[in-house]
Amino acid sequence: MGTDSWKGHVNGILYGVQFDRVLDDSVVTRVVDGVTAGLYPGDRAETRDALDQALRYPGPLNDQAETHHSEDEIRLFFRRLSAALHTPPPS
């Protein structure tokens, strides 16, 4: 997955959480449910891959979809989101 591809996933997620005051567990759950339901581009595996690549990226993740969340908050949220996406969905 190239930079443009994972950035698209990241920007889509950031757009979806831009008005959340805090990126807490309820937001993680909402985004995971959205990914599972097809509200975000890509399936769980593709989204995990995009998040993992984003977390390895040394530059800012909030440079295009600017939210009020700090870079540290976004990276922590993406780590928690990636971990949640690694957990198999309930059947």
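Data block above holds the structure.
Described below are features of the structure shown in this document.

Rules and cut-offs
- Residues numbered from 1 in each chain as written.
- Predicted model: local features only at pLDDT ≥ 70, side-chain atom pairs only at ≥ 80, totals over all residues.
- Heavy atoms only, no water.
- Axes fitted to C-alpha atoms, helices over the stretch in contact; angles between N-to-C directions.
- Helix = DSSP H or I, 4+ residues; strand = E, 2+ residues; numbered from the N terminus.
- Parallel < 35°, antiparallel > 145°, perpendicular 65-115°, else oblique.
- Left-handed = near helix turned anticlockwise from the far one by under 90°.
- Contact = heavy atoms within 4.5 Å.
- Expected span 1.5 Å × (residues − 1).
- Buried < 20%, exposed > 50% of the residue type's maximum accessible area, 1.4 Å probe, protein only.
- Salt bridge = Lys/Arg side-chain N within 4 Å of Asp/Glu carboxyl O.

## Here's the deal with the packing of helix 3 (residues 44-56) against helix 4 (residues 71-86)
- At a minimum axis separation of 9 Å, helix 3 and helix 4 run at an interaxial angle of 150°. Put simply, helix 3 runs roughly antiparallel to helix 4. Considering how the two elements wind past one another, helix 3 and helix 4 form a crossing that is left-handed. Contacts between helix 3 and helix 4 involve Arg44, Thr47, Arg48, Leu51, Asp52, Ala54 and Leu55 on the former and, on the latter, Arg75, Phe78, Arg79, Leu81, Ser82, Ala84, Leu85 and His86.

## With respect to helix 3
- With 13 residues, helix 3 extends 18 Å between its outermost C-alpha atoms, agreeing within 8% with the 18 Å of an ideal straight helix rising 1.5 Å per residue.
- Within helix 3, burial applies to Arg44, Thr47, Ala50, Leu51, Gln53 and Ala54.

## Digging into the environment of isoleucine 74
- Here isoleucine 74 lies in helix 4.
- For isoleucine 74, a relative accessible area of 1% translates into the label buried.
- Once the C-alpha coordinates of isoleucine 74 and leucine 55 are considered, the two residues, 19 residues apart in sequence, prove to be 9.6 Å apart.
- If we skip the residues at most four places from it in the chain, isoleucine 74 touches Leu14, Leu23, Leu61, Asn62, Thr67 and His69.

## Considering the pattern of salt bridges
- Inspection of the entire model under this criterion finds four salt bridges.
- Here aspartate 20 ties to arginine 30 by a salt bridge, and the two come within 2.6 Å at their closest N and O atoms. Within this pair, whereas aspartate 20 is found in the loop between helix 1 (3-17) and helix 2 (25-36), its partner arginine 30 is found in helix 2, the two being separated by ten residues in sequence.
- Given the relative accessible area of 38%, arginine 30 is considered partly exposed.

What is shown is where atoms sit, not what they do.
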